[in-house]
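What follows is each chain in one-letter form.
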Amino acid sequence: MKQRWLKFGPISTVVLDTNFPPDVISWVIEQCRQDRLPLCVVTVSVPKVKRLPTVLSGVTWLVTNQAEAMALAGKRRLDDAIESLFRLGVENVIITRGANGVAYATKQGETGAIAAPKVEVTDATGAGDAFAAGFLYGVLGGHTVEDACRFGMSSAALTLQTAETVHPALNEHLLQAAYARYFREGGTK
């Protein structure tokens, strides 16, 4: 990884999931911290969340589900888990909660919960990854964390309605239309 890092070209943001071995995860987090690169860590499962180091300074956005956040933080209450994650060094915590929507908190004190859009679920496989992609689309596009969560939920909602792990027709236009339908035109807000 060290030899390839510079070959990736100009890097503006890094996305890392917990499928990698712990030493790779730790190295990437530290490298992003040193290089002052925005880093989004997406957790994969409760067992794999334990691959994260105990110091998460350098993690700009932690996108996780509720069970993974509580396991990582070693807490039973969501608010306690979020505070613990901030103490570990995470700047922004985004927690998906399935049909209960999303909770988010920033070190700057912004917090909120957004209800999930009501959709007919065909298959949940891929919804977490779709959320992370939509969230990053929003936040890297200059939207607030709250609105980026709405983009993430819109992307996840599209994926939930297909048998595929990624909506086969997903593109920027479809995502924008889903966002408008779920959050601007009388949808859940």
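Residues numbered from 1 in each chain as written. Predicted model: local features only at pLDDT ≥ 70, side-chain atom pairs only at ≥ 80, totals over all residues. Heavy atoms only, no water.

Draft legend 1. Highlighting the overall build of the protein chain. Within the protein chain, the secondary structure is distributed over eight helices and six strands. When the helices and strands of the protein chain are read in sequence order from the N terminus, they spell out α-β-α-β-α-β-α-α-β-β-β-α-α-α. Along the first, second and third principal axes, the C-alpha atoms of the protein chain reach 45 × 40 × 30 Å. Relative to its full complement of 189 residues, the protein chain shows a buried share of 47%. Long-range pairs, those at least 24 residues apart, make up 51% of the contacts in the protein chain between residues at least 6 apart in sequence. Here the protein chain contributes 19 positive and 18 negative side-chain charges, whose respective centroids are spaced 6 Å apart. (Helix = DSSP H or I, 4+ residues; strand = E, 2+ residues; numbered from the N terminus. Buried < 20%, exposed > 50% of the residue type's maximum accessible area, 1.4 Å probe, protein only. Contact = heavy atoms within 4.5 Å. Lys, Arg positive; Asp, Glu negative; His and termini not counted. Charge placed at Lys NZ, Arg CZ, Asp CG, Glu CD.)

Draft legend 2. Quick peek at the side chain of threonine 162. Residue position: threonine 162 is located in the loop between α7 (145-160) and α8 (172-184). A distance of 3.2 Å separates a polar side-chain atom of threonine 162 from the backbone oxygen of glutamate 164. In contact with threonine 162, not counting residues within four places along its chain, are Thr122, Asp123, His167 and Pro168. (Polar contact = N/O pair within 3.5 Å; in protein donor to acceptor, adjacent residues only side chain to side chain.)

Draft legend 3. Layout of the nonpolar core. Judged by nonpolar contacts, the single largest core of 31 residues is most densely connected at Val28, Ile29, Leu39, Leu52 and Val59. Secondary structure elements with two or more residues in this core: β1 (14-17), α2 (22-35), β2 (39-42), α4 (66-73), α5 (78-88), β4 (92-96) and β5 (102-106). Non-local contacts of leucine 39, meaning those with residues more than four positions away in its chain, are made with Val14, Leu16, Val28, Ile29, Cys32, Gly58, Val59, Thr60 and Trp61. With 29 residues, the next largest nonpolar core counts Ile94, Tyr104, Leu136 and Val145 among its residues. (Core = buried A, V, L, I, M, F, W, Y, C linked by side-chain atoms within 4.5 Å.)

Draft legend 4. Broad picture of helix α6 (residues 127-140). End to end, α6 covers 20 Å across 14 residues, agreeing with the expected 20 Å (1.5 Å per residue, within 8%). All of the buried residues in α6 are Ala127, Ala130, Phe131, Ala132, Gly134, Phe135, Leu136, Gly138 and Val139. Lining the buried residues of α6 we find β1, β2, β3 (61-65), β4, β5 and α7. Phi turns positive one or two residues past the end of α6, at glycine 142, with a value near 95°. (Expected span 1.5 Å × (residues − 1).)

Draft legend 5. Representation of the sheet that holds β5 within the structure. If you walk across this open sheet you meet the six strands as β1-β2-β3-β4-β5-β6, and the pairing is mixed. On the outer flanks of this sheet lie β1 and β6 (111-114), each paired with one strand and no other. Geometrically, the sheet is characterised by an average inter-axis angle of 15° between neighbouring strands, direction not taken into account. Note that β1 and β2 share four bridges and pair parallel. (Pairing = 2+ DSSP bridges. Axes fitted to C-alpha atoms, helices over the stretch in contact; angles between N-to-C directions.)

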